Amino acid sequence: MPEATMDKIVALAKRRGFVFPSSEIYGGLNSCWDYGPFGVELKKNIQEFWWRSMTLRPDVVGLDASILMHPKVWEASGHVENFTDPLVDCRQCKARFREDEIPPEKMAKRQCPNCGNKDTLTEARRFNLMFKTFMGPVEEDASVVYLRPETAQGIYVNYLNVQTTTRLKVPFGIAQVGKAFRNEITPGNFIFRTREFEQMEMQFFVKPGEDGKWFEYWRNQRMEYYQKLGIRPEKLRFHPHEKDELAHYAKEACDVQYEFPFGWQELEGIHNRTDFDLKRHQEYSGKSLLYFDDATNEKYLPFIIETSAGLNRTMLTVLVDAYWEDTAHERVVLKLHPRLAPIKAVICPLVKKDGLAEIAEKITEDLRWHFPVLYDQQGGIGKRYYRQDEIGTPYGITVDYQTKEDQTVTLRDRDTLDQIRLPYTALAQEIEKRLRSA
Ligand code: ATP
C-alpha cells in the first residue's frame, strides 16, 4: 500500500481546506498555519472528544486561564531559568540546530549536518524558548510579560480556587485546552512543531504516596484514549523517560509516541510532577497552597500527575493515520473515525434538473438538524464522492430518478463503497445509528 508521506498530507490539507500556510499571499510565515473550514471542524471534534473524555468524569472539572500571567509565575515554574534549548550555529552556512538533534558522531567532529563542513559548529548557547512582550505602553524591563509556554501553570495557580468552589476532594483533576507559545529553534514537519500551538492538559491532584499508582492509571487511560480516537494501535507506543531525560520537575515520565512518516515522535507527555510546582508557587507567592483533608484533618501539598497533549499534533496524527490510497478504486480516502469527520454526510442529486436538486436540498435541510452535512451538485457524481472521500465524509446520499417515484435514496459507505437503498425519511435514524456504533 502506498505510504502517507508528509508531502502528500500537506498537499491534501491545502487542497481540501484543512490547513493553509499563514499569511500565504505574503510568502507565509515560518511554521505558522491557518486552519480552513474542514480543519477547524476536525480540530474542534478532536478537542471535544478530549474534553468529554476528561470532564464527563465526576472527578475532573474544566478551567480556562489567561494566556498572559504574572511574570513571577515563570520564575517559580523554572521556565525563566530552565526553559532553554542548546542552540548551535554553523559558521559556514549559517544553519541553526538544537544540539541534541545533531548526531553524536557529527557533534564530535563539530560537523554541520547541513553543509557537511567540519570544525564549523559553534559552542552551544542556551536559548530561552519563551516569547517576551510588554504590558502597557512602555517597553521597559518592569513591564515584561511572557506568552505562556504551557497551559499547566494556569491550573496550578488556580487549584485552590477550583477546589474550594467545587468542593472536590483529592484525588481530582483540572482540564484545560488553550494556546501555548514557544520560540522553537527548529520548528517543522508541518503542524507537528510550531511556535504557536494548542495544548490539551489535565492535571490530576493526588495524595503524596498515591502518585505512583495514579501515574500508572493515567498512562493506561491515555493509551486507551488514542485507540478510541481511531488511531491504529500498532502505530502507538510508550516511551518511558530514562533518569537523564527527565524534566527538572519530574520524578517519573512517559511519552505516548506515534510513528509519523518522519519516525517515532512524542504525541503526549505524562509526568509525575510531585509537589514541585505547588511548592514553588507557595514559596514565590508567599501564599499557602496547602490542601485540607477534612476526613483526616491533614494538611498537605498534593502531588500532580500531568497528562499533556498537543491538539495540532493530534490532528496531524489523525490525518496521517487516516490517509489511505485505495489503489483498487483510484481514490484517496481519509478514513477518519466518523466521530471526528468534519462532515458526516454529503447529499448529491444525480443531476440538477427534473426536480432532483430540490429534493436533495430539502433532505439536506432536514439532516442539518441532526449532524453536519453538505449539499453538492457540482460535477459528475463520481468526482463529487472522491472529493468527499478526501475530506473523510463517511456517508454519501444520492437522489436519483427513482427517488421521485418511491422517495428512496442510496446511502454509500466511504470505506466499503457498499450502497443500500432506503426511504429518505429513514436517513437521519440510519446514519445516527451508524455514527453511534462506529
Ligand atoms: P518536544 O520534546 O517535542 O519539544 P516537549 O517534551 O517539550 O516536546 P511538552 O512540554 O511535554 O513537550 O508538551 C506537551 C505536548 O505539547 C507535546 O507532547 C506536544 O504534543 C505538544 N507540543 C509541545 N511543543 C509543541 C510545539 N512546538 N508544537 C506543537 N505541539 C507541541
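Peer 1: So what's going on with the overall build of the chain? Residues and values would help.
Peer 2: Scanning the chain from N- to C-terminus turns up 14 helices and 23 strands. Here the C-alpha coordinates of the chain stretch approximately 75 × 65 × 50 Å along the principal axes. Per-residue burial over the chain gives 51% buried out of 438 residues. Long-range pairs, those at least 24 residues apart, make up 65% of the contacts in the chain with a sequence separation of at least 6. The centroid of the 61 positive side-chain charges in the chain is displaced by 1 Å from the centroid of its 66 negative side-chain charges.

Peer 1: Just give me the short version of the pattern of salt bridges, but keep the residues and values in it.
Peer 2: Applying the stated criterion to the full structure yields 35 salt bridges. For Glu390, the salt bridge is made with Arg16, and the minimal N-O distance between the two is 2.7 Å. You can see Glu390 sitting in helix α12 (residues 381-391) and its partner Arg16 sitting in the loop between α1 (6-15) and β1 (19-21), a full 374 residues away along the chain. In this structure, Arg57 and Asp59 form a salt bridge, with 2.8 Å as the shortest nitrogen-oxygen distance. With relative accessibility at 17%, the residue Asp59 sits in the buried group. Each member of the salt-bridge network shares a partner with another, and the members are Asp85, Arg98, Asp100 and Glu101.

Peer 1: Could you give me a rundown of the sheet that holds strand β5 (residues 96-98), with the residues and numbers involved?
Peer 2: Spatial ordering of the open sheet is given by β5-β4-β6, a layout of three strands whose pairing is antiparallel. Unpaired on one side and paired on the other, β5 and β6 (125-128) mark the two borders of the sheet. Across this sheet, the average inter-strand angle for adjacent strands is 45 degrees, counted without regard to direction. Pairing of strand β4 (residues 84-89) with β6, which is carried by four bridges, proceeds in the antiparallel orientation. Looking at β6, one finds that Asp85 is bridged to Phe127.

Procedures and definitions
Residues numbered from 1 in each chain as written. Predicted model: local features only at pLDDT ≥ 70, side-chain atom pairs only at ≥ 80, totals over all residues. Heavy atoms only, no water. Helix = DSSP H or I, 4+ residues; strand = E, 2+ residues; numbered from the N terminus. Buried < 20%, exposed > 50% of the residue type's maximum accessible area, 1.4 Å probe, protein only. Contact = heavy atoms within 4.5 Å. Lys, Arg positive; Asp, Glu negative; His and termini not counted. Charge placed at Lys NZ, Arg CZ, Asp CG, Glu CD. Salt bridge = Lys/Arg side-chain N within 4 Å of Asp/Glu carboxyl O. Pairing = 2+ DSSP bridges. Axes fitted to C-alpha atoms, helices over the stretch in contact; angles between N-to-C directions.

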